[in-house]
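Architecture and fold: a report
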Number of protein chains: 2
Amino acid sequence: MKTINLTTQRQAVYDVVREAEDHPTAADVMNRLVERGHSFAYGTVYNSLRYLTDKEMIRELKLGETASRYDARTDDHQHIVCEVCGKVGEVMTPMPEEWLAKVAEETGYEVHEAHIVVEGVCAECRSKRKR
Amino acid sequence: MKTINLTTQRQAVYDVVREAEDHPTAADVMNRLVERGHSFAYGTVYNSLRYLTDKEMIRELKLGETASRYDARTDDHQHIVCEVCGKVGEVMTPMPEEWLAKVAEETGYEVHEAHIVVEGVCAECRSKRKR
DNA sequence: TTTCAATTTAGAATAAGTATAAATCTATTT
DNA sequence: AAATAGATTTATACTTATTCTAAATTGAAA
Ligand SMILES: [Mn+2]
Ligand SMILES: [Mn+2]
Ligand SMILES: [Zn+2]
Ligand SMILES: [Zn+2]
């Protein structure tokens, strides 16, 4: 079944994620909904995020922080997190297919996908650190 | 200060992690301690795991599940998780340096390290699936 | 309209982990 | 040996993120 039922609340949640520049958490989404004059139940926001994730309209990101983040970009890409300020950037450079092939060979697993979280220091934090 | 103070409880926690074959969670560690006749406070197990991690005697793994796992292998490697049975395998094939360099160039971040979680289906689950 | 399934709501429940303050252990000084 | 002081452990309370539950609401179809 690929029919998608976008209720008012699901559409509003989707809009927030789609218009975000920063991979918001569920709590971020909640706050932005309130800013836009909505007041949905907490559970509804979680349900909507899950629904949209299931329908592959958004992606859920586990970046090793306590809370999941959400991303309206569903094309294949990875993420990089600043160890200083926590900013999350996009990594579009594709993972070499050959690495995945080697991993499949090494482990005997049938490999489906890789989630990569790169850690480092962003340009701003680096220049602040300099002085 | 690199002095390491291994109390009874820290040593016992370390032993459990070192002798485990399966990247145990804190709860797993707790259970195995009880099996070995120990009965430490829950907080002590968490404190010990954190202490050992800080001293780099073990590593904490965030594999996108709800609970962290712990690994006595501290050499550079990655992990692969079976989507069916949840088994966690080691990935020793190193990520090409050149990929990390490209990511640094693309993002402007100073890249420190990459945490990779590969998802797929392990050999056993694949053969079970066949019939 | 009536009906029925899907959805939303408010709030309780759960899971993992952290914080706190008192008790205990351990090493050092007297 | 006794006293002191710092580190550690313990029991328990707390926090945070998320899921569950049961009742109320919505909205499409009959
Ligand atoms: Mn992204
Ligand atoms: Mn490992
Ligand atoms: Zn930064
Ligand atoms: Zn498996």
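What you see is a predicted model; the values in this text were computed from it and never measured. (Residues numbered from 1 in each chain as written. Chains lettered and ligands numbered in written order. Predicted model: local features only at pLDDT ≥ 70, side-chain atom pairs only at ≥ 80, totals over all residues. Heavy atoms only, no water.)

Quick word on the coordination of the zinc ion (ligand 4)
All names here are of chain B. Looking at the zinc ion (ligand 4), the protein donor atoms are Cys-82 (SG), Cys-85 (SG), Cys-122 (SG) and Cys-125 (SG), and they sit 2.3 to 2.4 Å from it. Relative to the metal, the four donor atoms surrounding the zinc ion (ligand 4) lie at angles of 104 to 116°, and the coordination shape comes out tetrahedral. Written as a sequence motif, the donor arrangement for the zinc ion (ligand 4) is C-x2-C-x36-C-x2-C. Taken as a pair, Cys-85 in the loop between strand S3 (78-82) and strand S4 (88-91) and Cys-125 in helix H5 (residues 123-130) lie far apart in primary sequence, 40 residues in all. (Donors = N, O, S within 2.8 Å, 3.2 Å for Na, K, Ca; no water. Tetrahedral: all angles 85-135°; square planar, octahedral: opposite > 155°, others 65-115°. Helix = DSSP H or I, 4+ residues; strand = E, 2+ residues; numbered from the N terminus.)

Describing the protein's contact with DNA strand D
Surveying the vicinity of DNA strand D reveals 13 residues, the closest of which are Tyr-46 of chain A together with Asn-5, Thr-7, Gln-9 and Thr-44 of chain B. Of all atoms in DNA strand D that approach within 4 Å of the protein, 91% are sugar or phosphate atoms. Note that a phosphate oxygen of DNA strand D is positioned 2.8 Å from one of the side-chain N or O atoms of Tyr-46 of chain A. At the level of secondary structure, the elements contributing two or more residues to the surface near DNA strand D comprise helix H3 (42-54) of chain A together with helix H1 (8-19) of chain B. (Near = heavy atom within 4 Å. Polar contact = N/O pair within 3.5 Å; in protein donor to acceptor, adjacent residues only side chain to side chain.)

Let's talk about the domain arrangement of chain A
Residue and element names in this part refer to chain A. Split by domain assignment, chain A resolves into domain 1 (8-71) and domain 2 (78-130). Distance between the C-alpha centres of domain 1 and domain 2: 23 Å. Between domain 1 and domain 2, the residue contacts involve six residues of the former and five residues of the latter. For the pair domain 1 and domain 2, the summed buried surface comes to about 540 Å²; carbon and sulfur atoms form 60% of the total. Applying the counting criterion to the domain 1 and domain 2 interface returns zero salt bridges. Of the residues belonging to the side of domain 1 that touches domain 2, the class tally is two nonpolar, one polar and three charged. (Domains from an automatic or database assignment. Contact = heavy atoms within 4.5 Å. Buried area = accessible area lost by both parts, 1.4 Å probe. Salt bridge = Lys/Arg side-chain N within 4 Å of Asp/Glu carboxyl O. Nonpolar A, V, L, I, M, F, W, Y, C, P; charged D, E, K, R; others polar.)

Description of the side chain of His-23 of chain B
Residues and elements named next belong to chain B. Residue placement: His-23 occurs in the loop between H1 and helix H2 (26-35). On the basis of relative accessibility, which here comes to 5%, the residue His-23 falls in the buried class. Within the structure, His-23 has its side chain in polar contact with the side chain of Glu-90 (distance 3.2 Å). Beyond its immediate chain neighbours, meaning those up to four positions away, His-23 contacts Leu-61, Arg-69, Tyr-70, Asp-71, His-79, Val-88 and Glu-90. (Buried < 20%, exposed > 50% of the residue type's maximum accessible area, 1.4 Å probe, protein only.)

A short note on the relation of the copies chain A and chain B
Here chain A sits on chain B after a turn of 180° about the axis and a move of 0.0 Å along it, with an RMSD of 0.1 Å. Considering both components of the superposition, the chain copies are consistent with a two-fold axis. Minimal C-alpha distance to the rotation axis in chain A is attained by Ile-116 of chain A, lying at 2.3 Å. An overlap of 100% is found between the interface residues of chain A and their copies at the interface of chain B, pointing to a shared contact surface. (Least-squares fit on C-alpha atoms with pLDDT ≥ 70 in both.)

Details of the coordination of the zinc ion (ligand 3)
Around a metal, the ideal angle is 109.5 degrees if four donors adopt a tetrahedral arrangement and 90 or 180 degrees if six donors adopt an octahedral arrangement. All names here are of chain A. Distances from the zinc ion (ligand 3) to its protein donors, Cys-82 (SG), Cys-85 (SG), Cys-122 (SG) and Cys-125 (SG), fall at 2.2 to 2.4 Å. Each of the four donor atoms around the zinc ion (ligand 3) contributes to a set of angles spanning 103 to 116°, which defines the coordination as tetrahedral. Spacing between the donor residues of the zinc ion (ligand 3) along the chain follows C-x2-C-x36-C-x2-C. With Cys-82 in strand S3 (residues 78-82) and Cys-125 in helix H5 (residues 123-130), this residue pair connects regions lying 43 residues apart in the sequence. For the pair Cys-82 and Cys-125, one class covers both residues: buried.

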